[in-house]
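Coordinate inspection notes
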Amino acid sequence: MARKFNFSAGPAMLPTEVMERAQAEMLDWNGSGMSVMEMSHRGKEYMSIAAKAEQDLRDVMSIPDNYKVLFLQGGASLQFAMIPLNLLGDKTSADYINTGMWSKKAIAEAKRYCTVNLAGDTSEGGFTSVPTQDELKLNPDAAYVHYTPNETIGGVEFDYIPETGDVPLIADMSSTILSRPIDVSKFAMIYAGAQKNIGPAGLCIVIIRDDLLGKASAQTPAMLNYQTHADNDSMYNTPPTYSWYMAGLVFEWIKKQGGLAAMAEVNQRKSDKLYAAIDASDFYANPVPKANRSWMNVPFTLKDASLDADFLAGATQAGLITLKGHRSVGGMRASIYNAMPEEGVDALVAFMKAFESNQA
Ligand SMILES: *Cc1c(COP(=O)(O)O)cnc(C)c1O
């Protein structure tokens, strides 16, 4: 068996240890004689798996007691609609910070429900930076402020948490959750699709402060109402049981590694190495200012784009796969989430150096 270093933006690599554990438990979970996939979500075995996963996430992220943790479906993309449906209340406008492709999608969906005030917008600069706090044009009467702390496609990350006063702050953390410690209490709501840094696809985690519940507009479907899921411990209907279980194994793995502080240390080192390799030569380039460079998604271009295909083919040969950049940015993108071992980044850096010297 030869595992490759997979730089996919998502679904992404999972820790080998986690998959080996899942493999060992595949046919018979803990003496139950059942696979987790075959369990009733209301049975005591599965209930214990679900509760442990939630508790481990609460421990890992130090989630305060006045926040609910919901295990939902529909991906982060469904949140783009659920947020305005649930959180506008009697307000008619919401603030959005537009820093890339994912912000744009959230904005497009919100416009079906409310007036969107662009509190910040870096589209003119080609989404290569983030607005500073001073540049934000926040509306004190907004229902909430939505932003994307890490733009997965542009590889652009906020280096600060926007200060929004009494207006609830909502973050799409799909590609940065669990990459480092964060202060959950600074946010009214955090959400993340699982397939980047949490587990397999099919699960979306929502961390929401209690006081935001119960304000959904009257026509909100029950399945799209946070209150429904909060009232039923995310078991109003059949949840994505296996993805939830796998996420639980990942949370346990993070704990074992030393928690989010340990994750942050490795992630910073991994991204430093990769950006250093990009900056060390004019053969490679990344347009993002240092302070806003993503730890998780590292896009880079080759000086001569006609070499892209050779680069990708050579990388694949070397066991470094899925490095092709998003079509809107071109070039390459290395997504280096928690499960990407440091050796994977070292191998990529070595390949980049060798590829460059072969061109000379
Ligand atoms: C991947 C991603 C999404 C979309 O997630 P889905 O689960 O596919 O809906 C949304 N926002 C960000 C920041 C992402 O990285």
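Residues numbered from 1 in each chain as written. Predicted model: local features only at pLDDT ≥ 70, side-chain atom pairs only at ≥ 80, totals over all residues. Heavy atoms only, no water.

**Details of the domain arrangement of the protein**
According to the domain assignment, the protein contains domain 1 (16-256) and domain 2 (259-359). For domain 1 versus domain 2, the distance between C-alpha centres works out to 27 Å. Listed by partner, the interface residues are 25 residues for domain 1 and 24 residues for domain 2. In total, domain 1 and domain 2 occlude about 2,000 Å² of area from one another, counting both sides; carbon and sulfur atoms represent 59% of this. Ranking the residues of domain 1 by area buried against domain 2 places T128, I153 and R180 at the top, with a combined share of 23%. Linking domain 1 with domain 2 are zero salt bridges. Counting across the domain 1 and domain 2 interface gives 11 residue pairs in polar contact (both at pLDDT 80 or more). Where the side of domain 1 that touches domain 2 is concerned, the elements lending two or more residues are helix 2 (44-61), strand 7 (156-157) and helix 6 (241-257). In terms of residue count, the dominant contributor to the side of domain 1 that touches domain 2 is helix 6 (three residues). Looking at side-chain class alone, the side of domain 1 that touches domain 2 contains 10 nonpolar, 10 polar and five charged residues. (Domains from an automatic or database assignment. Contact = heavy atoms within 4.5 Å. Buried area = accessible area lost by both parts, 1.4 Å probe. Salt bridge = Lys/Arg side-chain N within 4 Å of Asp/Glu carboxyl O. Polar contact = N/O pair within 3.5 Å; in protein donor to acceptor, adjacent residues only side chain to side chain. Helix = DSSP H or I, 4+ residues; strand = E, 2+ residues; numbered from the N terminus. Nonpolar A, V, L, I, M, F, W, Y, C, P; charged D, E, K, R; others polar.)

**Focus on the packing of helix 1 (residues 16-25) against helix 6**
At a minimum axis distance of 9 Å, the contact between helix 1 and helix 6 shows a crossing angle of 130°. Here helix 1 lies oblique to helix 6, going by the angle between them. With respect to the hand of their crossing, helix 1 and helix 6 are arranged in right-handed fashion. Contact with helix 1, carried on its side by E17, V18, R21, A22 and E25, involves Y242, Y245, M246, L249, V250, E252, W253, K256 and Q257 of helix 6 and no other residues of that element. Of the residues that constitute the contact of helix 1 with helix 6, the class distribution is eight nonpolar, one polar and five charged. (Axes fitted to C-alpha atoms, helices over the stretch in contact; angles between N-to-C directions. Parallel < 35°, antiparallel > 145°, perpendicular 65-115°, else oblique. Left-handed = near helix turned anticlockwise from the far one by under 90°.)

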